[in-house]
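Chain residues, written in single-letter form:
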Amino acid sequence: MDKILKAVSDPTRREILQLLKNGRKSAGEISNKFSISDAAISKHLSILKEANLVRTQRQGKYIFYEINLSVVEEIITWFANFF
């Protein structure tokens, strides 16, 4: 849970998750939405992947990212325990 909370604590990573809620995207498609370096986006994606919030799928030379809904459901359940 610590990795998940750390991952979503950053506004850029939350924005990446918002982009992915509409479906999978390549790293390039994600990077094009931000005015930061590709290396910075790659680092953010790595943190999201390490927290298991996103999954990857390689197709040819492209890597596509999508939200891992099972982990998102786990977070929602955890937060729901507070209400």
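Residues numbered from 1 in each chain as written. Predicted model: local features only at pLDDT ≥ 70, side-chain atom pairs only at ≥ 80, totals over all residues. Heavy atoms only, no water.

For the coordinates displayed, the defined rule picks out 2 salt bridges. Its salt-bridge partner being glutamate 66, residue arginine 55 comes within 3.7 Å of it at the nearest N-O pair. On the criterion of sequence distance, the pair formed by arginine 55 in strand 2 (residues 54-59) and glutamate 66 in strand 3 (residues 62-67) is long-range, its members being 11 residues apart. (Salt bridge = Lys/Arg side-chain N within 4 Å of Asp/Glu carboxyl O. Helix = DSSP H or I, 4+ residues; strand = E, 2+ residues; numbered from the N terminus.)

Let us look at the environment of isoleucine 63. Residue position: isoleucine 63 is located in strand 3. Taking the relative accessible area as the measure of exposure, isoleucine 63 reaches 27% and is therefore partly exposed. Sequence separation between isoleucine 63 and lysine 25 is 38 residues, and the spatial gap between their C-alpha atoms is 8.4 Å. Setting aside residues no more than four positions away along its own chain, isoleucine 63 makes contact with Lys25, Ser26, Ala27, Thr56, Gln57 and Arg58. (Buried < 20%, exposed > 50% of the residue type's maximum accessible area, 1.4 Å probe, protein only. Contact = heavy atoms within 4.5 Å.)

In short, the description is geometric, and any link to function would need to be established separately.
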